[in-house]
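Architecture and fold: a report
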Amino acid sequence: MTATTGATQAHPERPGRSDGVCNEFTVFTKIKPGHADALREDLAAMADAAADESVHAALRQIGTLHDARHVIFDNDTRFMFASVFDGSWDTYIDDFAQTVVGARFDKVFSHSEGFPGVTDPGVKDWFVAHQEPAGVFVSAYPDLTVQQIYKDHRVEEAFEAVLDTAEFRAALDNPANAELLATPAFQKLLEEAAA
Amino acid sequence: MNTVASSSAAGMGVEIDDVQSGALRPRPVPYEGKFVFLRVDDRHAGRALLRRLLPVTAGGLPDVDRSQDAWVALAFTYQGLRALGVPQESLDSFPRAFREGMAARAELIGDVGESAPAHWEAPFGTGDVHIALSALSSDAAQLDRELERARVAYEDTPGVQVIWQQEVHQLPTGRTTFGFRDGISHPNIEGVGLPGSNPQEAPIKAGEFILGYPDETGSLPPMPSPDVLGRNGTYAAVRKIHTNVAAWRQYLRANTSSAEEEALLAAKMVGRWPSGAPLTLTPEHDDPELAADPHRNNNFLYRENDDRGFRCPAGAHIRRTNPRDSTIIGDARMHRLIRRGTTYGPPLPEGVLEDDGADRGLVGVFLGAHLERQFEFIKAEWVNDGNFIGYPGEKDPVAGHHGGTGSVTIPEKPVRRRLRNLPSFVVTRGGEYCFVPGLRALRWLAELED
């Protein structure tokens with residue numbers, strides 16, 4: 001685990017820990033007095049099934065967010081947003097601003113003291129000021145970006161579909177393919193095909 | 001009280017003689033048995049019944065004298081304990097799953113669709129089942145004698161009604177309605193003095209099965225109060241499961257091209273051959289001699305010889321429900337159960353592929369100190385999902401409710417086999433969560449006042 005570097009070089013050093021390609025981003029804010037219920041309503045609206053579909057679509061579009069959570073705590077006085085994302089901190093915030101997620105972010109954070117708005121030029125500084133880097137951050141799959149996970153899923157589905165075809169089984173039995181089958185690369189594939 | 005010394009560091013012996021025989025004694029082979037459900041309409045009558053049943057209720061381990069080889073056990077639902085007038089404070093001290101009852105937990109444990117409580121056989125899930133009496137013996141005449149003593153007790157007690165009865169017995173084949181020998185596996189329980197069926201299984205803490213003793217976590221399992229009620233008790237999930245034997249045979253026939261393939265496919269789904277011989281020890285063909293040898297037929301682990309499931313698939317029924325040392329998500333020792341499967345109904349004659357409309361299946365009893373961590377966990381995570389073995393969403397091929405869309409993966413070189421469109425081979429006809437008190441606790445219940 002190291003501080004975020006690499007892809008973020010075009011930007012100033014940003015807080016937050018990383019594990020491989022995965023970075024963590026956690027902000028803590030103060031809820032404006034009397035706003036907790038309104039915030040709770042906004043979160044409930046975000047959590048409903050109809051909104052869920054558009055958000056998952058937006059996440060696909062952003063393509064770098066592994067997961068995110070919004071939490072009200074400390075007797076309705078404070079708010080936490082925590083997420084895991086790939087790549088650059090700055091791109092992550094920029095991307096949010098440009099999608100349906102941005103509007104939701106705007107709404108949710110509008111209940112926090114001092115939030116300038118997600119399109120405000122000062123918004124990144126505001127986030128940095130409220131960000132608390134993790135003491136420890138680990139990922140179960142530090143080498144996999146969201147895009148790679150999507151791709152791996154597609155490849156796995158296609159692979160399993162091939163395994164189910166009679167043609168593939170026939171090809172395995174065909175002596176003409178013996179050379180290919182014997183290669184270490186193909187043997188690796190067959191390892192996965194067996195279970 | 002005859003206590004058996006435990007090998008544990010705590011040196012705690014289990015008070016075997018206070019534990020009902022129905023909880024710890026392995027099912028006899030062959031067996032005859034009966035389940036009787038009673039409703040208590042008056043708490044004083046209920047207690048009077050318990051006083052009459054107490055002398056009939058057996059504790060302890062098998063008698064060397066085979067003429068005594070029959071036992072009656074008593075178990076109570078939450079509604080039953082309430083009907084007997086157990087104080088509210090005590091009722092509240094039982095774990096949530098037990099208080100809610102199996103019907104309320106149906107979705108969690110996968111009793112959905114045709115297995116949902118809305119379709120259950122009465123009186124399952126109605127709240128009317130208060131006392132579950134069970135009797136088992138290796139001999140029909142002995143069973144009748146024990147049952148007669150019990151029958152006199154409940155028929156002479158006005159205010160208590162018999163509301164359901166089910167006879168169970170081993171089929172002449174010695175096998176379940178699906179045609180497989182069962183009842184082979186029994187855990188090795190520390191301090192109990194009964195041998196486990198797998199010599200390679202390290203003893204499991206008594207507290208996994210009996211209340212009042214430390215469990216695998218090193219803590220005492222949560223126990224209802226007062227202490228006298230909880231100690232030496234356990235919980236039983238009792239289920240009546242209808243088996244679609246014709247559907248099972250048809251599916252096997254439709255997905256194979258020879259009798260041998262058919263037998264192998266069935267064995268791959270179960271994890272044992274019809275004789276009971278485990279695939280892990282004999283992957284190519286059945287071995288009745290091995291199956292008949294109690295020192296060998298359960299003497300195996302998975303990791304060393306069959307980690308990837310080329311002999312016994314990770315998804316096979318016996319491997320899912322008792323993964324032993326398999327590579328899985330989680331710790332298998334935290335989810336052991338005592339299993340008591342008993343068969344009801346006539347067998348579907350061999351070779352018949354069409355359903356004859358008869359009701360047949362099994363009455364299963366799953367015993368342990370933790371309903372949620374054991375029975376419910378096994379149903380929800382191991383039977384109804386495959387994530388723990390790397391096949392997310394794939395259910396137990398035999399015991400899962402597939403609804404025509406299930407799949408099962410059978411590892412095979414060079415390419416695994418994946419069967420699709422599995423129908424459900426079993427339907428839940430009903431079930432109840434029961435508390436099986438120790439004998440002193442039974443007396444406490446019988447002597448409640450007010």
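The following paragraphs examine the structure supplied in this document.

Conventions used here
- Residues numbered from 1 in each chain as written.
- Chains lettered and ligands numbered in written order.
- Predicted model: local features only at pLDDT ≥ 70, side-chain atom pairs only at ≥ 80, totals over all residues.
- Heavy atoms only, no water.
- Helix = DSSP H or I, 4+ residues; strand = E, 2+ residues; numbered from the N terminus.
- Rg over C-alpha atoms; globule rule 2.2 N^0.38 Å.
- Areas by Shrake-Rupley, 256 points an atom, 1.4 Å probe, with all protein chains shown as cover.
- Expected span 1.5 Å × (residues − 1).
- Buried < 20%, exposed > 50% of the residue type's maximum accessible area, 1.4 Å probe, protein only.
- Arc of directions from axis to C-beta.
- Salt bridge = Lys/Arg side-chain N within 4 Å of Asp/Glu carboxyl O.
- Phe/Tyr/Trp six-rings, centres within 6.5 Å; stacked < 30°, edge-to-face > 60°.
- Lys NZ or Arg CZ within 6 Å of the ring centre and 35° of its normal.

With that out of the way, let us pick up the overall build of chain A. Of the regular secondary structure elements, chain A holds nine helices and five strands. In sequence order, chain A lays out its α and β elements as β-β-β-α-α-β-β-α-α-α-α-α-α-α. Relative to its length of 195 residues, chain A is extended, with a C-alpha radius of gyration of 22 Å against a globular reference of 16 Å. Along the first, second and third principal axes, the C-alpha atoms of chain A reach 75 × 40 × 30 Å. Entry remark: accessible area of chain A is about 10900 Å², with carbon and sulfur atoms responsible for 55%.

Take helix 2 (residues 49–62) of chain A next. Residues and elements named next belong to chain A. With 14 residues, helix 2 ought to run about 20 Å at 1.5 Å a step, and its terminal C-alpha atoms sit 20 Å apart, in line with that. All of the buried residues in helix 2 are Ala51, Val55, Ala58, Leu59 and Ile62. One side of helix 2 holds all its buried residues, which, seen down the axis, span an arc of 105°. Pointing more than 90 degrees away from the buried face of helix 2 are the exposed residues Ala49, Ala50, Glu53, Arg60 and Gln61.

The subject of this paragraph is the environment of Leu337 of chain B. Along the chain, Leu337 of chain B falls in the loop between helix 13 (317–321) and strand 6 (338–344). It is 26 Å that separates the C-alpha atoms of Leu337 of chain B and Glu114 of chain B, two residues lying 223 residues apart in sequence.

Once their charged atoms are close, side chains differing in charge can pair, the charge on each being opposite to the other. Taken as a whole, this structure holds 40 salt bridges over all chains when the rule is applied. For Arg440 of chain B, the salt bridge is made with Asp18 of chain B, and the minimal N-O distance between the two is 3.8 Å. Placement of Arg440 of chain B in helix 15 (residues 439–446) and of Asp18 of chain B in the segment before helix 1 (21–24) is noted, with a sequence separation of 422 residues between them. With relative accessibility at 31%, the residue Arg440 of chain B sits in the partly exposed group. A salt bridge links Lys240 of chain B to Asp359 of chain B; the nearest nitrogen and oxygen atoms lie 3.4 Å apart. Within this pair, whereas Lys240 of chain B is found in strand 5 (residues 234–243), its partner Asp359 of chain B is found in the loop between strand 6 and strand 7 (361–368), the two being separated by 119 residues in sequence. Assessed through its relative accessible area of 3%, Lys240 of chain B is described here as buried. Overlapping salt bridges bring together Glu160 and Asp164 of chain A together with Arg416, Arg418 and Arg420 of chain B as one network.

What follows deals with the packing of aromatic side chains. By convention here, two paired aromatic rings are described through the distance between centres and the angle between planes. Overall, the coordinates contain 35 aromatic pairs over all chains when judged by the stated rule. Ring centres 5.0 Å apart and planes at 75° place the aromatic pair Phe115 of chain A and Trp126 of chain A in the edge-to-face group. Of this pair, Phe115 of chain A sits in the loop between helix 4 (100–109) and helix 5 (123–130) while Trp126 of chain A sits in helix 5; the two residues are 11 residues apart in sequence, bridging distant segments of the chain. Using a relative accessible area of 14% as the deciding quantity, one classes Phe115 of chain A as buried. A residue is classified by how much of its surface remains accessible, and Trp126 of chain A, at 10% relative accessible area, is buried. Over the face of the ring belonging to Tyr150 of chain A we find Arg60 of chain A, whose NZ or CZ atom lies 3.8 Å from the ring centre. The ring of Phe300 of chain B has Arg324 of chain B lying over it, and the distance from NZ or CZ to the ring centre is 3.8 Å.

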